[in-house]
Amino acid sequence: MAAFPWHSRNRNYKAELASCRLESVQLECGDYHPLKPIMVTESKTKKVSRKGSTSSTSSSSSSSVVDPLSSVLDGTDPLSMFAATADPAAVAAATVMCPGHWCVWDSTRKKRDQDDSSMVGSDFEPWASKRGEILARYTTTERLSINLFMGSDKGRAGAAGSAMSEKVRTRLEELDDFEEGSQKELLNLTQQDYVNRIEELNQSLKDAWASDQKVKALKIVIQCSKLLSDTSVIQFYPSKFVLITDILDTFGKLVYERIFSMCMDSRGTLPDHFSPENVNDTAKETCLNWFFKIASIRELIPRFYVETSILKCNRFLSKTGISECLPRLSCVIRGIGDPLVSVYARAYLCRVGMEVAPHLKESLNKNFFDFLLTFKQIHGDSVQNQLVLQGVELPSYLPLYSPAMDWIFQCVSYHAPEALLTEMMERCKKLGNNALLLNSVMSAFRAEFIAARSVDFIGMIKECDESGFPKHLLFRSLGLNLALADPPESDRLQILNEAWKVITKLKNPQDYINCAEVWVEYTCKHFTKREVNTVLADVIKHMTPDRAFEDSYPQLQSIIKKVIAHFHDFSVLFSVEKFLPFLDMFQKESVRVEVCKSIMEAFIKHQQEPTKDPVILNALLHICKTMHDSVNALTLEDEKRTLAHLINGFIKMVSFGRDFEQQISFYVESRSMFCNLEPVLVHLIHSVNRLAMETRQVMRGNHSRKTAAFVRACVAYCFITIPSLGGIFTRLNLYLHSGQVALANQCLSQADAFFKAAISLVPEVPKMINIDGKMRPSEAFLLEFLCNFFSTLLIVPDHPEHGVLFLVRELLNVIQDYTWEDTSDDRIRIYTSVLHLLSAMSQETYLYHIDRVDSNDSLYGGDSKFLAENNKLCEVVMAQILEHLKTLAKDEALKRQSLLGLSFFNSILAHGDLRNNKLNQLSVNLWHLAQRHGCADSRTMVKTLEYIKKRSKQPDMTHLTELALRLPLQTRT
């Protein structure tokens, strides 16, 4: 293809904009409007007769807003039409069908509604939430033992007998065989080995049940239940109870589901809420058989636990079965001599009772009062002798009761009236204000009940017998309640004084901090910074000696979080004298950073207005500096992003108002402090650019000598900071953005420096860049940047010493020297954008300007030499485009050639003066090239030709009529 000269067409931008606007049409008042109420005709269908008659339809108009989809159905609902045409006799027949069946379901529904009113709600803390804590807290290093069941073949041989009596005799023999010693004792097990063995037994139970070896399953459960009578390793007993009762729960569920499945008959399965009358005889007989088997167990503890595990099965036999069994089982526990084993047995009875019959609170209360009657056994001689034998001190022994007692009290106190708490307090006083009992009362009852009687509880704590259970734990339990509910206002200071008198005397740092952590929230909630400062000072005093704080970081973190949760005014928070010294105790870097992050998150969340308070700024700069200095080569990118986000949130909230010099000084200081976090530097650059534009806005674009010097300082800040960034496209975009800001503030030489820096950086753009951890080609990002750059270059005036269009020439040289991918056409797309830029630069008046900045249209005023230089550059660019189109004349590149040819044709159509014969001929050649090999999209070609014909009707575009005649459309057969 020969070289073609370029001639830009003259543009009247205002006229073009006016022609592109949508035509406005005035609506009369009565015309349709989408927000007006819809008038819908509603059709009502009436049935005249049952058979052989047609229905009459009456229509009425309504002005109410109706579903617009109903208009599709002409106002008639197909389901309503179906119901209207249905035979009423069929409906009546369906209603009277199986009256007994409907009565059963009606009574079931009423019973379900009645049961639901007494079910346990979401406010009841389930046992499952306590399980993990118990297993983690009650551990041992002593060796444990366990008895494993050794299965025999006797059962399987006997089970083959056909006679029922033989079958029963065989199963009884199997149970006797189990009780007579068909088991193996494993000794010297570690705690983990013991847990593994229990899990194996649980799996064996499921396997035996699945293989229809019900007697073997029962043997396993009996064997596991016997383990609960063993207190040889007493510190592990609460965890053992959790593990064994998991097996019992599994067994109870299997038995219940087995019997429930046997109730299936022609009527289907039972509903969840059924009555014994709905249970068939086979299921009842099987259920009785299980209870008889369990009743034959000789030892009390396994018999109690196994029967309790299937307590729910009483529902198959009698409506009152559960209510009758609960008091009896509670009395059975009286036969257990060991008070620790006894209290956990009562806990299991309460646990099952709350699951299957939570409305039977009287039976659960009886179980509780039985426990109180036997409570003094804890301090009996037998228990003391056992502790001596095992070498366990009373302070270590009594906390073993806490999980069971807390659970019993929780069950009894659930939705209990206030009178019950009063009764509990009286019983505690009668029992000598036992500390263990008092602690369980405060842990179980609602916080509102406890808070209202805080002074009374403090009096009881003072007088309580704390043998083996220290008072500071009682104050901790009281503090937990007061964190949830407020005591009477007149008592608040007295409560704090009485509690802190005890807490501050604690010598053990761990005991002290566990208690102080709870009461800090009470202090923050109800008192001023003076009291909070006193508490923090006391914590520092107790935790600093011997670096005790190193063992209590979680509690100290909790204290900080509670303080910042209640002090949303950070000027008040940082005026607390001991707050920053308290932070100094966090000397482990990872913990210190987490604490700083918590403070910054609270600041960003609660600080509503920008601040310039020096107290806040100094404190938060120190905290942000701590976070920044934790960054090293091993820090994860996610962590860096989190820290940068928090620091940027702080920087956003700092404002000195119209004191712009103080603001830029703050940004300078921040740059020196946070130089290792690139997102923070980027934010600072944007902030300084915004500051320069705010200055321009204040001065309304007319800078004084002082403000001109200030904006130049802002520009210099950005120019110095950008090279320290790592991301290549981050630097390019910031150079462009900062150059635009400099240009807007009439800093022309500084703007040129930014644009030159951006141009010199383009050759450094790599072929692949990392985007969110994945390598991506960079050419698409470079194309986007350069198109934005061209839009800015339109209004940049030429430097008087560097010649015409010196920035465009430099950029073209860089683009020419850049190594592009062979399969990429982005270089040609860039050249096409340059052609658009040069065409816009040749206009007498540019499309847009910057206030108080003279662009080239004002500087040259349509000078012929400038236009000649512009046209030369256009010809150079066109030559590059045409040369590239030649290289695409290969089979594998014909599609690309067609697309690029059509794109170049559109560019000439939009920006070129087609009255020039050579340019006109070039456009025709490009049209033929786009269709030459059948690669063009026919619809696109048709629409393009229609557009040309439409434009040719405009007054100054008549020459396009001839062009349209020279542009044939390719036909395909």
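Residues numbered from 1 in each chain as written. Predicted model: local features only at pLDDT ≥ 70, side-chain atom pairs only at ≥ 80, totals over all residues. Heavy atoms only, no water.

(A) Representation of the overall build of the chain. Secondary structure summary: the chain contains 46 helices and six strands in total. The buried share of the chain, reckoned over its 973 residues, is 48%. Of the contacts formed within the chain by residues at least 6 apart in sequence, a portion of 73% connects residues at least 24 apart. For the chain, the exposed area adds up to about 49700 Å²; of that, 53% sits on carbon and sulfur atoms. (Helix = DSSP H or I, 4+ residues; strand = E, 2+ residues; numbered from the N terminus. Buried < 20%, exposed > 50% of the residue type's maximum accessible area, 1.4 Å probe, protein only. Contact = heavy atoms within 4.5 Å. Areas by Shrake-Rupley, 256 points an atom, 1.4 Å probe, with all protein chains shown as cover.)

(B) How the structure looks around the pattern of salt bridges. Under the counting rule described, the total for this entry stands at 26 salt bridges. Note that Lys597 and Glu639 form a salt bridge whose closest N and O atoms lie 3.4 Å from each other. Taken together, the residues span a long stretch of sequence, with Lys597 in helix H30 (residues 589–606) and Glu639 in helix H32 (residues 637–652) at a distance of 42 residues. Through salt bridges with shared partners, one network takes in Arg9, Arg11 and Glu16. (Salt bridge = Lys/Arg side-chain N within 4 Å of Asp/Glu carboxyl O.)

(C) Region of interest: the packing of helix H35 (residues 705–721) against helix H37 (residues 748–761). Close contact between H35 and H37 brings their axes to 11 Å; oriented N to C, the two are set at 15°. Taken together, the axes of H35 and H37 are roughly parallel relative to one another. Seen along the crossing, H35 lies across H37 with a hand that is left-handed. Facing Arg712, Val715, Cys718 and Phe719 of H35, the residues of H37 in contact are Gln750, Ala753, Phe754 and Ala757. Classifying every residue of the contact of H35 with H37 by side-chain character gives six nonpolar, one polar and one charged. (Axes fitted to C-alpha atoms, helices over the stretch in contact; angles between N-to-C directions. Parallel < 35°, antiparallel > 145°, perpendicular 65-115°, else oblique. Left-handed = near helix turned anticlockwise from the far one by under 90°. Nonpolar A, V, L, I, M, F, W, Y, C, P; charged D, E, K, R; others polar.)

(D) Inspection of the environment of Ala910 at higher detail. Along the polypeptide, Ala910 turns up in helix H43 (residues 894–911). A residue is classified by how much of its surface remains accessible, and Ala910, at 30% relative accessible area, is partly exposed. It is 9.9 Å that separates the C-alpha atoms of Ala910 and Ser839, two residues lying 71 residues apart in sequence. When sequence neighbours within four positions are dropped, the list of residues in contact with Ala910 reads Arg9 and Arg11.

(E) Quick look at the nonpolar core. Ranked by size, the top nonpolar core spans 302 residues in total, and within it Tyr397, Trp519, Val539, Phe579, Ile599 and Phe650 carry the most contacts. A per-element tally of this core places helix H10 (residues 237–262) first, with 14 residues. Residues lining this core come from more than one domain, with at least three contributed by each of domain 1 (125–145 + 184–360) and domain 2 (892–898 + 915–972). Beyond its immediate sequence surroundings of up to four residues, Val539 is in contact with Tyr512, Ile513, Ala516, Leu556, Ile559, Phe582 and Met585. (Core = buried A, V, L, I, M, F, W, Y, C linked by side-chain atoms within 4.5 Å. Domains from an automatic or database assignment.)

(F) The arrangement of the packing of aromatic side chains in detail. Evaluated as defined, the whole model comprises 39 aromatic pairs. For the pair Trp209 and Trp290, a centre-to-centre distance of 5.7 Å together with 20° between the ring planes defines the contact as stacked. Placement of the pair is Trp209 in helix H8 (residues 191–210) and Trp290 in helix H11 (residues 281–295), with a sequence separation of 81 residues. Residue classification places Trp209 among the buried residues on the basis of a relative accessible area of 11%. Connected via pairs of aromatic rings, a cluster forms that spans Phe124, Trp127, Tyr237, Phe241, Phe304, Tyr305, Tyr344, Tyr348, Trp407 and Tyr414. In this structure, Lys214 packs its charged tip against the face of Trp209, placed 4.9 Å from the ring centre. We note Arg671 situated over the ring of Tyr717; from NZ or CZ to the ring centre the distance is 4.2 Å. (Phe/Tyr/Trp six-rings, centres within 6.5 Å; stacked < 30°, edge-to-face > 60°. Lys NZ or Arg CZ within 6 Å of the ring centre and 35° of its normal.)

(G) Just unusual backbone geometry, in detail. Positive phi, close to 50°, is recorded for Arg547, a residue that is not glycine. Along the chain, Arg547 falls in the loop between helix H26 (529–543) and helix H27 (553–566). Exposure remark for Arg547: the relative accessible area of 39% places this residue in the partly exposed category. At Arg852, a residue that is not glycine, the phi angle is positive and equals roughly 65°.

(H) The arrangement of the side chain of Ser833 in detail. Take Ser833: it is sitting in helix H40 (residues 826–841). Excluding residues within four positions of it along the chain, Ser833 makes contact with Cys787 and Phe790.

(I) Structural detail: the confidence of the model for the chain. Of all residues in the chain, 83% have pLDDT values of 70 or greater, and the mean over the chain is 83. Counting interchain partners and residues more than four positions distant, the pLDDT-below-50 stretch residues 43–66 has 37 contacts. Here residues 152–164 is modelled with pLDDT under 50, and outside its nearest four sequence neighbours on either side it reaches eleven contacts, counting other chains as well. (pLDDT = per-residue confidence, 0-100.)

(J) Molecular detail of helix H18 (residues 402–413). Taking 1.5 Å as the rise per residue, H18 with twelve residues should run 16 Å; its terminal C-alpha atoms sit 16 Å apart, in good agreement. Within H18, the full set of buried residues consists of Ser402, Pro403, Ala404, Met405, Asp406, Trp407, Ile408, Phe409, Gln410, Cys411, Val412 and Ser413. Phi turns positive one or two residues past the end of H18, at His415, with a value near 55°. (Expected span 1.5 Å × (residues − 1).)

(K) Examining the pairing of strand E5 (residues 768–771) more closely. In this structure, E5 lies alongside strand E6 (residues 774–777), joined through four bridges in antiparallel fashion. Paired with Ile769 across the bridge in E6 is Arg776. Here E5 hands over to E6 after two residues, with Asp772 in that stretch at a positive phi of 55°. (Pairing = 2+ DSSP bridges.)

(L) Fine view of helix H9 (residues 214–226). The end-to-end C-alpha separation of H9 is 19 Å, in line with the 18 Å expected for 13 residues at 1.5 Å each. Burial runs high along H9: twelve of the 13 residues are buried. Inspection of H9 places Lys214, Val215, Ala217, Leu218, Lys219, Ile220, Val221, Ile222, Gln223, Cys224, Ser225 and Lys226 among the buried residues, and these make up the whole buried set.

(M) Focus on the side chain of Glu307. If you trace the backbone, Glu307 turns up in helix H12 (residues 300–309). At 2.3 Å, the side chain of Glu307 forms a polar contact with the side chain of Arg328. With residues up to four places along the chain from it excluded, the contact list for Glu307 reads Phe291, Ile294, Cys325, Arg328 and Leu329. (Polar contact = N/O pair within 3.5 Å; in protein donor to acceptor, adjacent residues only side chain to side chain.)

(N) Geometry of the packing of helix H36 (residues 728–744) against H37. Closest axis-to-axis distance for the H36/H37 pair is 8 Å, and the angle between their directions is 160°. The angle between H36 and H37 places the two elements in the roughly antiparallel class. Of the two elements, H36 crosses H37, and the hand of that crossing is left-handed. Two secondary-structure elements touch here, H36 through Ile728, Arg731, Leu732, Tyr735, Leu736, Ser738, Gly739, Gln740, Ala742 and Leu743 and H37 through Leu748, Gln750, Ala751, Phe754, Phe755, Ala757, Ala758 and Leu761.

(O) Layout of the environment of Val924. When you line up the elements, Val924 lands in helix H44 (residues 917–931). Between the alpha carbons of Val924 and Pro968 there is a distance of 9.5 Å; along the sequence they are 44 residues apart. Discounting residues that sit within four places of it in the chain, Val924 has contacts with Leu963, Arg966 and Leu967.

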